[in-house]
Amino acid sequence: MKFKCEDSRLYAEIEDSIVDRIKNVYDINLFEAGGWLFGKYSKDHTTAIIESFIVLPNISKDPETNFEFGKTSKQILDEKWDEGQRILGNFHTHPNNSPEPSLIDSNQSMDFAANEKLNCPQFLLLIMGRDYSTTLHMYTTHDELRLVRDSS
Ligand SMILES: [Zn+2]
């Protein structure tokens, strides 16, 4: 599945097998589920290529409507780093809702983009909503860009 941003030369690619596995996560979770997206950038840095993900527990007090990440084990991140996989963003599901980011989602993603430890200044947020409808947004510390499906 390929996404692009119309205004700037930005692309993201996600393997269909990963989308299918996120659908599985969606199917087995009654409440919001989510996790980190990993991968790499193309050599010209215009394309984020999502190659793997990990699922994290939702620790929100209100898990039916919110997603809050549990602490990620540093070991997992170190292992991914050793495999050449860096954090590109995160994903979560909106099982009963549209895949549009909430205000909380947007603010949280901008915080992640600003987080120097994550070292991910162009932070991707993939949301899967009702009927597997999926959106992808890219965040910087101050901006939200919507990427659309690219069928070319
Ligand atoms: Zn959300």
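This text goes with the structure placed above it.
Criteria and cut-off values
- Residues numbered from 1 in each chain as written.
- Predicted model: local features only at pLDDT ≥ 70, side-chain atom pairs only at ≥ 80, totals over all residues.
- Pairing = 2+ DSSP bridges.
- Helix = DSSP H or I, 4+ residues; strand = E, 2+ residues; numbered from the N terminus.
- Axes fitted to C-alpha atoms, helices over the stretch in contact; angles between N-to-C directions.
- Contact = placed C-beta atoms within 7 Å.

(A) Looking closely at the pairing of strand β2 (residues 10-14). When strand β1 (residues 2-5) meets β2, the two strands line up antiparallel, connected through four bridges. Bridge pairing in β2 links Phe-3 to Ala-12. Counted along the chain from β1 to the antiparallel partner β2, the turn is four residues long. Relative to strand β4 (residues 47-56), β2 is paired through four bridges, and the arrangement is parallel. Bridge assignment links Ala-12 to a residue of β4, and that residue is Ala-48.

(B) Looking closely at the sheet that holds β1. Spatially, the eight strands close up into a barrel ordered β1-β2-β4-β3-β5-β6-β7-β8, and their pairing is mixed. When the angles between neighbouring strand axes are averaged without regard to direction, this sheet yields 30°. Along the sheet, helix α3 (residues 103-114) contacts β6 (123-129), β7 (134-139) and β8 (144-149); its crossing angle with β6, the most-contacted strand, is approximately 150°.

These results come straight from atomic positions and should not be treated as a statement about function.
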